[in-house]
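# Observations on the three-dimensional arrangement
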Amino acid sequence: MDNAEIADILNRMGRLLEFMGGDPFKIMAYEKAARSIKRLEMDISSIHQEGHLSDVPNVGKAIEEKIEELLTKGTFEAYEKTLAEIPPGIIEIMDISGIGPKTAKILYERLAIESTGELIKAAEEHRIRRLPRMGPKQEERILKAARNRVQSSDFRRTPLAVATAIEQQITEKLSVSPYIKKVVPVGSLRRKMETVGNIDLFALSDEPEKAIDAFMHLGKAAPVPEIRNLHEGSAHAAIVHENGIRIDLYVCSGGCCGSLMQYLTGSKEHNVRLQEVARAQGYTVSEKGLICKEKSRDEEGLTNEAGEFSEEADIYELLGLGYLPPELREDRGEVEAGLERRLPVLIERKDIKGDLHVHSRWSDGRNTIEELALHARGLGYEYIAITDHSPSTGVANGLSEQRLLDHIREIDEINDRIDGIRLLSGTECDIRSDGRLDYSSEVLEGLDIVVVAVHAGLEQDRKSMTKRVIAALENEHVDILAHPTGRKFGKRSGYDIDMEKVMQAAFDNDKVLEINSSPSRLDLNDMHARMAKEVGVKIAINTDTHSLAHFDNIDYGIDVARRAWLEPADVVNTRGLKEICSMLRI
Ligand code: DGT
């Protein structure tokens, strides 16, 4: 477990206790410990190994024991006990934006609300507004947030970053088994969907049953549906991981590995389309996916006796598609593009030359500007933009105009002192409710780059929000619109905004839209980023870094970009320093 996960569980414990009317000092102790752990530079498990847990601020003896339990077991007894006492629906309600433990408690005690569905019903029937400290406005806000939560199709799916961490943990454990030669993700995880329903893994083994035995020790056994028609010599089993996600392992031993891997990577829609193309070319397709039964059609000898492929890439080659990267396999035109040999050459991490959205300690980041610069230089970047918050985001220690001027001076001074990386002086400037920006034109003019974003007033209606964002895009000083829809996984599905109009305004005003790589945002998403490409709007893949480790989140942004068919030329931060400066007219 990493620092964020530990902090999250301690925080949750505090919230559960608060819901149960627990001791306020205990509640505060959990909250304070969570905050301290979140801020730590060092990995908490290393601190634990070195025996220094008690040196972490706000970690007393009792919490130290809980952290030890968390690090060894992934949970702690008191947490599990408390969880068991609260109906699961209430925990869900406490996670809805704007509803904390106190409100959840009132809703439960006064109206017996135990699920999001019941919450929506009570709000629709205007029963919530009659509660203490509530009124029509609060009720409307709760209703909107609860509906958002349910409507979000990703409600019960697992975000890619969480699934990836679990997959790596499981893969590491499986890799030490003498019965497993290789294990790789398939399914939606391999296609890098932003959320996954389950984790699908694919392993090579000479002894599939023994490989499955090794796997079954890693979680509780889960039922395996009959629908999987496995190839001969293959095996399948499933477990439920401790965080609740299902993990399926498919083990292959024979010459069918390419066929099986292609089928399991999916998507289902892509597989169906591929099978249509195969049939049209005279191949026989089985329910196990694409199998070339008519051997005469396989003149190049790419399949075995049963017509099965050992290499996945051979399937695509044989059908005349070229290699289709997994991120494209969604039946969104990739098969046709392959047949016509017009597949995009997708962007890769090595193409990224800098990051245009980074926070320092001046606002709510954890590092000094110098630390950020040295780290980014170590990553091989040519530039980064230091874009601390503007005054409206007071909670994030937004910079007053005076502090912004001092900030620029520090950036200039570091640029003079450090070689090999250029710092761009910037801001992540709030777009106020009326579309005006948080800084005057004179101040914005003195910056190298202006990133703008909506952080407050998220409840505006579609028309007002669209007008507000377009007004910012029409401002001559603005360069990039950050996290354009404002969605956050598990919290909110984004504000109501007409993205088509926003894209058109971005195009008309020559502005860049961001793919925010933060795992909880991934905003723009793949569909919107593809729409941007079609409209002709350029993209910046930024990390919104608040601590050094966040720079690596760029991989998640690149996943989104690849799923959006983006090539290096579609993304502005693939440009070198000189080109970026000329784009920014500096
Ligand atoms: P998920 O788990 O909802 O995030 O999405 P996937 O794509 O991982 O779907 P999953 O886990 O149900 O199945 C893994 C792959 O197996 C899927 O991507 C394609 C293949 N597959 C599953 N069911 C069918 C099917 O009915 N027809 C075909 N052609 N392929 C299927």
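Remember, predicted model here, so these are calculated numbers, not experimental data.

Calculation notes
- Numbers given for residues are sequential positions, taken from 1 along each chain in its written order.
- Local features in this predicted model are restricted to residues whose pLDDT is 70 or higher, and side-chain atom pairs enter the listing and the counts only when it is 80 or higher, whereas totals over whole chains, interfaces and linings include all residues.
- Values shown for side chains rest on all heavy atoms present in the structure; no hydrogens or waters enter the calculation.
- The helix and strand labels rest on DSSP assignments: H or I over at least four residues marks a helix, E over at least two residues marks a strand, and numbering proceeds from the N terminus.
- Any helix carries an expected span of 1.5 Å times its number of residues minus one.
- Think of it in three bands: with a 1.4 Å probe and only protein chains considered, a residue is buried below 20% of the maximum accessible area for its type, exposed above 50%, and partly exposed in between.
- A contact between two residues is defined here by any heavy atoms of the two lying within 4.5 Å.
- Here a polar contact is taken to be a pair of N or O atoms separated by no more than 3.5 Å, where protein atoms must pair a possible hydrogen donor with a possible acceptor and residues adjacent in sequence count only if both atoms sit in side chains.
- Summary of the distance rule: residues count as near a molecule or strand when at least one heavy atom falls within 4 Å of that molecule or strand.
- Residue polarity follows a fixed list, in which Ala, Val, Leu, Ile, Met, Phe, Trp, Tyr, Cys and Pro are nonpolar, Asp, Glu, Lys and Arg are charged, and the others, Gly among them, are polar.
- Start and end points for every domain follow an automatic or database-based domain assignment.
- Think of a salt bridge as a Lys or Arg side-chain nitrogen and an Asp or Glu carboxyl oxygen that are within 4 Å of each other.
- Any two rings among Phe, Tyr and Trp, with Trp reduced to its six-membered ring, count as a pair given centres within 6.5 Å; such a pair is stacked if its planes are under 30 degrees apart, edge-to-face if over 60, and tilted if neither.
- Here, nonpolar core refers to any group of buried Ala, Val, Leu, Ile, Met, Phe, Trp, Tyr and Cys residues whose side-chain atoms link them within 4.5 Å.
- Two parts placed together each lose some accessible area under a 1.4 Å probe, and the buried area is that loss summed for both.

Right, let's get into helix H2 (residues 24–39). The first and last C-alpha atoms of H2 sit 23 Å apart over 16 residues, in line with the 22 Å expected at 1.5 Å per residue. If you check which residues of H2 are buried, you get Ile-27, Tyr-30, Ala-33, Ala-34, Ser-36 and Ile-37. In this structure, the buried side of H2 is in contact with helix H1 (3–19), helix H3 (44–49) and helix H4 (61–73). Residue Asp-23 occupies the N-cap position of H2, its side-chain oxygen lying 3.0 Å from the main-chain nitrogen of Phe-25.

Attention shifts here to the site of the ligand. Residues in contact with the ligand amount to 17 residues; listed here are only the nearest, Arg-157, Ser-188, Gly-197, Asn-198 and Asp-200. Contact between the ligand and Arg-191: an oxygen atom at 2.9 Å from a side-chain N or O atom of the residue. Note that an oxygen atom of the ligand is positioned 2.6 Å from one of the side-chain N or O atoms of Asn-198. Elements with a minimum of two residues in the shell around the ligand: helix H11 (187–190), helix H13 (257–265) and helix H14 (268–280). A per-class count over the shell around the ligand returns three nonpolar, nine polar and five charged. Domain assignment of the residues forming the shell around the ligand places at least three in each of domain 2 (158–254) and domain 3 (260–339).

To continue, consider the pattern of salt bridges. Enumeration according to the criterion identifies 38 salt bridges in this entry. Salt-bridge contacts for Lys-105 lead to Glu-109; the nearest nitrogen and oxygen are separated by 3.0 Å. One end of the pair, Lys-105, and the other, Glu-109, are both in helix H7 (residues 101–111), four residues apart, so they sit about a helical turn from each other. Looking at Glu-109, the relative accessible area reads 55%, which means it is exposed. Between Arg-127 and Glu-125 there is a salt bridge whose closest N-O contact spans 2.9 Å. Classification of Glu-125 as partly exposed rests on a relative accessible area of 39%. Through salt bridges with shared partners, a single ionic network connects Arg-191, Glu-330, Arg-332, Asp-526 and Arg-563.

Here we come to the packing of aromatic side chains. On inspection of all chains with the given rule, the structure shows four aromatic pairs. Here Phe-76 and Tyr-79 contribute two aromatic rings whose centre-to-centre distance is 5.6 Å and whose plane-to-plane angle is 35°, an arrangement assigned as tilted. For the pair formed by Phe-76 and Tyr-79, the shared burial category is buried. Summarising the aromatic geometry, the rings of Tyr-316 and Tyr-323 are spaced 6.4 Å apart at their centres and angled 80° between planes, so their arrangement reads as edge-to-face. For Tyr-316, a relative accessible area of 0% puts it in the buried group. Taken together, the ring pairs in this structure connect Tyr-30, Phe-76 and Tyr-79 into an aromatic cluster.

The next subject is the side chain of His-359. Looking at where His-359 falls in the secondary structure, it is placed in the loop between strand S10 (354–358) and helix H17 (369–378). Within the local environment of His-359, its side chain forms a polar contact with the side chain of Glu-428, the two groups lying 2.9 Å apart. If we skip the residues at most four places from it in the chain, His-359 touches Asp-364, Gly-365, Leu-372, Thr-387, Asp-388, His-389, Glu-428, Asp-544, Thr-545 and His-546.

What follows covers the nonpolar core. Ranked by size, the top nonpolar core spans 86 residues in total, and within it Leu-249, Ile-384, Val-452, Ile-515 and Ile-541 carry the most contacts. The element contributing the most residues to this core is helix H10 (residues 160–175), with six residues. Both domains that furnish three or more residues to this core are identified here as domain 2 (158–254) and domain 4 (349–584). If we ignore the near neighbours within four places in the chain, the residues touching Ile-384 are Asp-355, Val-358, Leu-372, Ala-373, Ala-376, Ile-421, Arg-422, Leu-423, Leu-424 and Phe-551. One finds Ile-27, Val-59, Ala-123 and Ile-142 within the second-largest nonpolar core, a separate group that totals 44 residues.

Glancing now at the domain arrangement of the chain. According to the domain assignment, the chain consists of domain 1 (3–151), domain 2 (158–254), domain 3 (260–339) and domain 4 (349–584). Placing the centre of domain 3 and that of domain 4 at their C-alpha centroids yields a distance of 40 Å. The partner domain 4 presents six residues to the eight residues of domain 3 that form the contact. Here domain 3 packs against domain 4, burying approximately 700 Å² in sum over the two surfaces, 48% of which is carbon and sulfur. The largest per-residue losses of area from domain 3 upon contact with domain 4 belong to Glu-327, Leu-328 and Arg-332, which jointly make up 80% of the total buried on that side. The partner of Glu-330 in a salt bridge is Arg-563, with the nearest N and O atoms 2.9 Å apart. For the pair domain 3 and domain 4, the interface holds four residue pairs in polar contact (both at pLDDT 80 or more). For the side of domain 3 that touches domain 4, the class distribution of residues is three nonpolar, one polar and four charged.

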